[in-house]
Amino acid sequence: MISSEADTIPDYIVFDRSYSPTGHSDNPIHASSATLYFNAGKKEKISRGDIAGYIIKQGGVDASMVGRIVVRDHSAIAAVPVDDADGLVRRLSSQKLKGKKVRVSIIS
């Protein structure tokens, strides 16, 4: 149970131990996906299918490696495996998306 000094805890609740996080872990959590940012979106006539095709064809990855894609007005993001993210950015940066130069970067 997570509580603070300001919480009133009923008498029938018994704590068998106390835990204070140290900020260090022997088994840290690592993300399996990275997020690619594209500086083009709906207003530039870009769709999720365009982004997926761009990553698959120009990036040279398998379709199963592309995760969720979100397209906003002037930007888009896509999830890709973290191990392939740097290589994808290098390959995609020199390619055009629907005849337009698109900036691709990693945001996480």
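For clarity, every value in this text was computed on a predicted model and none was experimentally measured.

A.B. asks: Got a minute to help me understand the overall build of the protein chain in this structure?
C.D. replies: Across its full length, the protein chain holds two helices and six strands. The secondary structure elements of the protein chain, listed N-terminal to C-terminal, are β-α-β-β-α-β-β-β. C-alpha atoms of the protein chain, sized along the principal axes, occupy 70 × 30 × 20 Å. Per-residue burial for the protein chain yields a buried fraction of 27% across its 108 residues. In the protein chain, the share of contacts with a sequence separation of at least 24, taken over all contacts with a separation of at least 6, comes to 70%. With an accessible surface of roughly 8000 Å², the protein chain has 50% of that area assigned to carbon and sulfur atoms. Side chains of the protein chain carry 15 positive and 12 negative charges; the gap between the two charge centres is 20 Å.

A.B. asks: Before we go on, may I ask you to explain the nonpolar core in this structure?
C.D. replies: Generally speaking, a soluble globular protein has its nonpolar side chains buried in company with each other. Counting residues in each nonpolar core, the largest one holds 23 residues, and the members touching the most others are Leu 36, Phe 38, Ile 51, Ile 55, Leu 92 and Val 104. Broken down by secondary-structure element, the contributors of at least two residues to this core are strand 1 (33-38), helix 1 (48-59), strand 2 (69-71), strand 3 (76-81) and helix 2 (85-93). Among all residues touching Leu 36, those that are not within four sequence positions of it are Ala 76, Ile 77, Ala 78, Val 80, Ala 85, Leu 88, Val 89, Leu 92, Val 104, Ser 105 and Ile 106.

A.B. asks: Help me understand the environment of Lys 100, please; the structure alone is not making it clear to me.
C.D. replies: Take Lys 100: it is sitting in strand 5 (residues 100-101). Among the residues examined, Lys 100 registers a relative accessible area of 35% and is labelled partly exposed. With 60 residues separating them along the chain, Lys 100 and Ala 40 place their C-alpha atoms 9.0 Å apart.

A.B. asks: I tried to follow the confidence of the model for the protein chain on my own but got confused; where do I start?
C.D. replies: Caution applies to low-pLDDT regions: their predicted coordinates should not be interpreted in detail. Overall, the prediction assigns the protein chain a mean pLDDT of 90, with 98% of residues at 70 or greater. Per-element confidence in the protein chain ranges from a low mean pLDDT of 92 for strand 5 to a high of 97 for strand 2.

A.B. asks: What should I look at first to understand helix 2 in this one?
C.D. replies: Taken together, the buried positions of helix 2 are occupied by Ala 85, Gly 87, Leu 88, Val 89 and Leu 92. Against strand 1, helix 1, strand 3 and strand 6 (104-106) lie the buried residues of helix 2.

A.B. asks: Can you help me understand the pairing of strand 1 in this one?
C.D. replies: Looking along a regular strand, one sees side chains alternate from face to face of the sheet. The pairing of strand 1 with strand 3 spans six bridges and is antiparallel. Residue pairing in the sheet places Ala 34 in a bridge with Val 80 of strand 3. Sheet analysis places strand 1 next to strand 6, joined by three bridges and oriented antiparallel. Within strand 6, the residue paired with Tyr 37 across the bridge is Ser 105.

A.B. asks: Could you clarify how one ought to interpret the packing of aromatic side chains in this entry?
C.D. replies: In this description, a pair of aromatic rings is defined by centroid distance and the angle of the planes. Counted by the stated rule, this structure contains one aromatic pair. Centre to centre, the rings of Phe 38 and Tyr 54 are 6.2 Å apart; their planes meet at 65°, and the pair counts as edge-to-face. Of this pair, Phe 38 sits in strand 1 while Tyr 54 sits in helix 1, placing them 16 residues apart in sequence. Accessibility classification places Phe 38 together with Tyr 54 in one group, the buried group.

What counts and what doesn't
Residues numbered from 1 in each chain as written. Predicted model: local features only at pLDDT ≥ 70, side-chain atom pairs only at ≥ 80, totals over all residues. Heavy atoms only, no water. Helix = DSSP H or I, 4+ residues; strand = E, 2+ residues; numbered from the N terminus. Buried < 20%, exposed > 50% of the residue type's maximum accessible area, 1.4 Å probe, protein only. Contact = heavy atoms within 4.5 Å. Areas by Shrake-Rupley, 256 points an atom, 1.4 Å probe, with all protein chains shown as cover. Lys, Arg positive; Asp, Glu negative; His and termini not counted. Charge placed at Lys NZ, Arg CZ, Asp CG, Glu CD. Core = buried A, V, L, I, M, F, W, Y, C linked by side-chain atoms within 4.5 Å. pLDDT = per-residue confidence, 0-100. Pairing = 2+ DSSP bridges. Phe/Tyr/Trp six-rings, centres within 6.5 Å; stacked < 30°, edge-to-face > 60°.

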